[in-house]
Amino acid sequence: MKSKRALITGITGQDGSYLAKFLLNKGYTVFGTYRRTSTPNFWRLSYHGISDQIEYIPADLIDTSSLTEAIRISKPDELYNLAAQSYVGSSFDQPLTSGEFTGLAVTRILESIRIIDPGIKFYQASSSEIYGNSVNTSQNEETPFQPGSPYAIAKLYGYWITKMYRDGYRMFAANGILFNHESPLRGLEFVTRKITNAAARIKLGLQKKLILGNLDSLRDWGYAPEYVEGMWKILQLKKPEDFVLGTNESHTVKEFVENTFEHLDLDWKKYVKIDKKFLRIVEVNRLEGDSSKAKKKIKWNPKTKFKKLVEIMTDADLDRWQRWQKGEKFAWDAPNYIQEDKTLFRTIK
Ligand code: NAP
Ligand code: F7E
């Protein structure tokens, strides 16, 4: 039987790399777009040991012809649109490119699919951020949206345009409304990895303190490899539908800090400081994903609980810094990362 073909935008990111690995294991031919950067950033694909199994296509979300060309060359059965400016914090600093990459680019891809081959199945990486400060304690597919950041507003545009192409052009276009999902491959600016990376360094005497913003916000944190399986399951249905993927549990940032430091036998209160520069212009206080629909219709049921997730991430960062101390060379992001507390972010006046 001919192997299926998948095109992943954002293959160099956390989810892109896990999804590529998952699809390769299923026998897919995997194509991935990457954008030109001054320094190579394929470390996640190297981590999985799959960098030589991908067919790479250069493309940028602002460049329509490059996206069209990617679809024309790869002739995918399934297209997973994971590329985006994905950091909520940066969307306040760069609201316009966030709108371009995270919002308008979805239409660029959908239009290219419509013109080249409307039979391609399309997955849109939507986000729990579109719920914003919801009055509901947990959110499902019926919960009203009230996005609070340029990122969330752009994602909501992406959500609606995906639905519009599904309804209007009868295309297989589906939104996965994913709640936070993390892993040792998470970007260093996101709070979970910022905490586990800093705590590992503190444990080894490489860092003295960890500076954070709002410790009270509640998030529903799951384990990324389980979420990419959910993306695939959404595209295996006969008819396109939108799904919430989350763990149905929420925890505060403070709990994440406590669990991480406790796992390393450290007293977090000695090391964690608060600086208002890390407070969001608009904060989303509580998100918790009710994924009953996904459980029922696509048999998606995340197994990794909060405490286990903290341990996986903390152990991975500790291990990497220990290997680094021994002079081992391996593909990794942390040694080249900037000191975030020296960055002048846009702040609340
Ligand atoms: P990520 O690690 O930040 O990866 C984002 C990817 O997008 C990277 O490959 C990045 O390329 C690419 N990209 C950014 N701007 C681009 C541009 N202008 N042209 C081409 N590629 C561009 O994000 P992630 O955590 O894997 O998330 C994947 C998707 O799911 C994103 O759309 C995100 O918004 C969404 N999402 C994530 C979560 C979560 O908790 N992880 C939850 C809900 C939704 P570079 O490597 O070159 O930067
Ligand atoms: O913030 C608080 C911050 O940046 C989580 C993305 O994948 O999930 C992610 O968005 C919480 C917020 O993720 C710091 O204020 C405190 O309340 O890790 P985060 P996010 O904004 O939830 C959604 C679903 C996505 O779609 C996004 O793509 O942590 N927080 N102190 C901090 N956050 C950061 N980054 N840094 C701090 O120092």
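Figured I'd write up the structure that's included with this text.

Here is what the cut-offs are and how they apply
Residues numbered from 1 in each chain as written. Chains lettered and ligands numbered in written order. Predicted model: local features only at pLDDT ≥ 70, side-chain atom pairs only at ≥ 80, totals over all residues. Heavy atoms only, no water. Core = buried A, V, L, I, M, F, W, Y, C linked by side-chain atoms within 4.5 Å. Buried < 20%, exposed > 50% of the residue type's maximum accessible area, 1.4 Å probe, protein only. Helix = DSSP H or I, 4+ residues; strand = E, 2+ residues; numbered from the N terminus. Near = heavy atom within 4 Å. Polar contact = N/O pair within 3.5 Å; in protein donor to acceptor, adjacent residues only side chain to side chain. Areas by Shrake-Rupley, 256 points an atom, 1.4 Å probe, with all protein chains shown as cover. Nonpolar A, V, L, I, M, F, W, Y, C, P; charged D, E, K, R; others polar. Pairing = 2+ DSSP bridges. Axes fitted to C-alpha atoms, helices over the stretch in contact; angles between N-to-C directions.

### Concerning the nonpolar core
Next up, step 1: Core analysis: the largest hydrophobic core is formed by 36 residues, its most contacted members being I8, L19, L23, V30, Y80 and Y123.
Next up, step 2: For this core, the secondary structure elements donating two or more residues are β1 (5-9), α1 (14-25), α2 (43-48), β5 (121-127), β6 (173-178), α8 (224-235) and β11 (243-245).

### Section: the site of ligand 1
Next up, step 1: Around ligand 1 sit 25 residues in total, of which T12, D15, R35, S86 and Y151 are the nearest.
Next up, step 2: A distance of 3.0 Å separates a nitrogen atom of ligand 1 from a polar atom in the backbone of L61.
Next up, step 3: The separation between an oxygen atom of ligand 1 and a polar side-chain atom of Y151 is 2.6 Å.
Next up, step 4: Protein chains bury 90% of the 890 Å² of accessible surface belonging to ligand 1 in isolation.
Next up, step 5: Residue assignment for the shell around ligand 1 shows that the elements contributing at least two residues are α1, β5 and α6 (150-169).
Next up, step 6: At three residues, β5 tops the list of elements feeding residues into the shell around ligand 1.
Next up, step 7: Class assignment for the residues of the shell around ligand 1 results in 10 nonpolar, 10 polar and five charged.

### Regarding the sheet that holds strand β3 (residues 55-58)
Next up, step 1: Strand order across the open sheet formed by seven strands is β3-β2-β1-β4-β5-β6-β11, with parallel pairing between neighbours. A single partner strand is all that each edge strand has here, and the edge strands are β3 and β11. With direction set aside, neighbouring strand axes in the sheet form an average angle of 20°.

### Description of unusual backbone geometry
Next up, step 1: Despite not being glycine, R170 shows a phi value in the positive range, around 60°.
Next up, step 2: The backbone of N248 sits at a positive phi, close to 65°, despite the residue not being glycine.
Next up, step 3: Mapped onto the elements of the fold, N248 is located in the loop between β11 and β12 (251-252).

### Points about the site of ligand 2
Next up, step 1: Inspection of the region around ligand 2 gives 23 residues, with S86, S127, Y151, S217 and E283 positioned closest.
Next up, step 2: S127 is positioned such that a nitrogen or oxygen atom in its side chain is 2.6 Å from an oxygen atom of ligand 2.
Next up, step 3: The side chain of R219 places a nitrogen or oxygen atom 2.8 Å from an oxygen atom of ligand 2.
Next up, step 4: In isolation ligand 2 has 700 Å² of accessible area, and contact with the protein removes 96% of it.
Next up, step 5: Looking at the shell around ligand 2 residue by residue, the class counts come to nine nonpolar, seven polar and seven charged.

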